[in-house]
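Spelled out, the chains give:
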Amino acid sequence: MTKTGNKTVNIHNAVIPVAGLGTRLLPATKSQPKEMLPVGKKPIVQYIVEELHLCGIERVLFVTGRGKSSIEDHFDDDPDLIRTLRESGKEDLLEELEYERMGLHFLYTRQRRQRGLGDAVLCAENFIGTEPFVVALGDSIIGRHEPSLIVKRLIEAFEVHQASCAIAVEEVPIEEVSMYGIVKPSGEGEVFEIGDLIEKPRREEAASNLAIAGRYVFAPDLFEAIKRTGYDHRGEIQLTDAIRLMLREGKRVVGMRLSANEKRYDIGNFESYFETFVEFALTDPVYGRRLRNHVKELLGENL
Ligand code: UTP
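Here's a quick rundown of the structure.

Conventions adopted
Residues numbered from 1 in each chain as written. Predicted model: local features only at pLDDT ≥ 70, side-chain atom pairs only at ≥ 80, totals over all residues. Heavy atoms only, no water. Helix = DSSP H or I, 4+ residues; strand = E, 2+ residues; numbered from the N terminus. Rg over C-alpha atoms; globule rule 2.2 N^0.38 Å. Buried < 20%, exposed > 50% of the residue type's maximum accessible area, 1.4 Å probe, protein only. Lys, Arg positive; Asp, Glu negative; His and termini not counted. Charge placed at Lys NZ, Arg CZ, Asp CG, Glu CD. Core = buried A, V, L, I, M, F, W, Y, C linked by side-chain atoms within 4.5 Å. Contact = heavy atoms within 4.5 Å. Disulfide = S-S within 2.5 Å. Phe/Tyr/Trp six-rings, centres within 6.5 Å; stacked < 30°, edge-to-face > 60°. Near = heavy atom within 4 Å. Areas by Shrake-Rupley, 256 points an atom, 1.4 Å probe, with all protein chains shown as cover. Nonpolar A, V, L, I, M, F, W, Y, C, P; charged D, E, K, R; others polar. Polar contact = N/O pair within 3.5 Å; in protein donor to acceptor, adjacent residues only side chain to side chain. Pairing = 2+ DSSP bridges.

**So, the overall build of the protein chain**
Within the protein chain one finds 11 helices and 13 strands. In summary, the protein chain has a C-alpha radius of gyration of 20 Å against a globular reference of 19 Å for 303 residues, a match within 12%. Considered along the principal axes of its C-alpha atoms, the protein chain spans approximately 60 × 50 × 40 Å. Here the protein chain holds 303 residues, and 47% of them are scored as buried. Taken together, the 40 basic and 49 acidic charged side chains of the protein chain have centroids lying 3 Å from each other.

**A short note on the nonpolar core**
Of all hydrophobic cores here, the largest spans 46 residues; its most connected members are Leu52, Phe62 and Val134. Those residues in contact with Val134 that lie beyond four places of it in its chain are Ile11, Asn13, Ala14, Val15, Leu52, Ile57, Val151, Ile155, Tyr216 and Val217. With 34 residues, the next largest nonpolar core counts Val121, Leu122, Ala124 and Phe192 among its residues.

**Quick word on the state of the cysteines**
Taken as a whole and assessed by the stated rule, the structure comprises 0 disulfides. Unpaired in this structure, Cys55 has its nearest cysteine sulfur neighbour in Cys165, at a distance of 17 Å. Residue class for Cys55 comes out buried when judged on its relative accessible area of 6%. Here Cys123 stays free of any disulfide, with the sulfur of Cys165 as its closest cysteine sulfur at 19 Å. Cys123 sits in the partly exposed class, given a relative accessible area of 26%.

**What to know about the packing of aromatic side chains**
Within the structure shown, the criterion is met by 12 aromatic pairs. Relative to Tyr108, the ring of Phe62 has its centre 5.3 Å away and its plane inclined at 10°; by these criteria the two rings are stacked. Placement of Phe62 in strand β4 (residues 59-64) and of Tyr108 in strand β5 (residues 105-110) is noted, with a sequence separation of 46 residues between them. For Phe62, a relative accessible area of 0% translates into the label buried. Between the aromatic rings of Phe133 and Phe223, the centroid separation amounts to 5.2 Å while the plane-to-plane angle is 0°, which identifies the pairing as stacked.

**Considering helix α1 (residues 44-54)**
Burial within α1 is extensive, with 9 of its 11 residues counted as buried. For α1, the complete set of buried residues consists of Ile44, Val45, Gln46, Tyr47, Ile48, Val49, Glu50, Glu51 and Leu52.

**Digging into the site of the ligand**
Neighbouring the ligand are 18 residues; Gly20, Thr23, Arg24, Glu35 and Gln111 lie closest to it. With the chains in place, 83% of the 570 Å² that the ligand exposes on its own is no longer accessible. Residue classes in the shell around the ligand are distributed as 6 nonpolar, 7 polar and 5 charged.

**Some remarks on the side chain of Ser272**
The topology assignment puts Ser272 in helix α10 (residues 270-282). Residue class for Ser272 comes out buried when judged on its relative accessible area of 15%. Within polar-contact distance, the side chain of Ser272 engages the backbone nitrogen of Gly268 at 3.4 Å. Residue contacts for Ser272: discarding those within four places in its chain leaves Asp266 and Ile267.

**Things to note about the environment of Tyr265**
When you line up the elements, Tyr265 lands in strand β13 (residues 264-266). Tyr265 sits in the buried class, given a relative accessible area of 3%. In contact with Tyr265, other than residues within four places in its own chain, are Asp139, Ser140, Ile141, Gly143, Arg144, Thr276, Glu279 and Phe280. Side-chain polar atoms of Tyr265 contact the side chain of Glu279, separated by 2.6 Å.

**Some details on the side chain of Asp232**
Here Asp232 shows up in the loop between α8 (222-227) and α9 (239-248). The class for Asp232 is buried, based on a relative accessible area of 18%. Here Arg234 takes part through its backbone nitrogen, which lies 2.9 Å from a polar atom of the side chain of Asp232.

**As for the pairing of strand β9 (residues 181-186)**
Alignment of β9 against strand β10 (residues 191-199), held across 6 bridges, turns out to be antiparallel. Bridge pairing in β10 places Lys184 opposite Asp196. Taking the residues between adjacent antiparallel strands as the criterion, β9 and β10 are bridged by 4 residues, where Gly187 takes a positive phi near 140°.

This is how it looks when you write it as structure tokens:
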């Protein structure tokens, strides 16, 4: 792929959709958002906010829904708690709340009916206005032992290739393609043009095993594309379908592979939630060793 310019863009706004019902994680999500489930010591959405902060994001809009107010509480300043911790000398715990002092601005809007990811992103239109922006899914952690800089790299690719959309992708086993949005790459390499993409294809329909990995950069013309995208058979507007419309209208969409040390943890069901929790807990610098020994003992008992 040829580079078409080297103007740097400053993208400082991100949208985190967190309005989904999380039905695959019931009953854990009956009265708490799946995005607030803990993975190791932190709720999922805290990993995402920390990752975005590292990538230069300054303002985050959460698209929330009913029953999601604990997300607002989590990112709210809590001077009473800070004072109590300080007075009782618990400086180590204060560091754990560092995210409160990152200087990020948090804003909230509501998706009133859960009509799909495309519809959730459309709720951000007034906030975004005419600037390009990042979308990061509220239930997907990217990184392994440390936060990923994929969003920063996506922003660079978006600008260098003068794209309307840049999408992070990762390879998945071919038998799992029907769980993801799958892209059709026209080209090799870390960054490539996307020729087409399809949401949850059957295995024989999938043009590759490259799955959309929950991080995107968009030009604001995405909103018009979402408005012109119809509802699918489940009554949802798929973000993937809106991107497909942009492609059909001649817009440039590029994909970027996650690097070898990056992994996407898509916490949509109990299988992936358990696996992710266990991986993060086992590698925790403080508690991991003891837990590893405990798990070895349990496995020795032929659980
Ligand atoms: P999912 O596709 O996993 O859907 O959402 P879901 O509704 O949360 O979960 P299930 O299928 O009922 O188990 C991916 C991300 O998009 C957000 C979710 O909150 C999650 O972070 N989302 C999804 C919305 O904000 N609104 C929607 O209408 C759908």
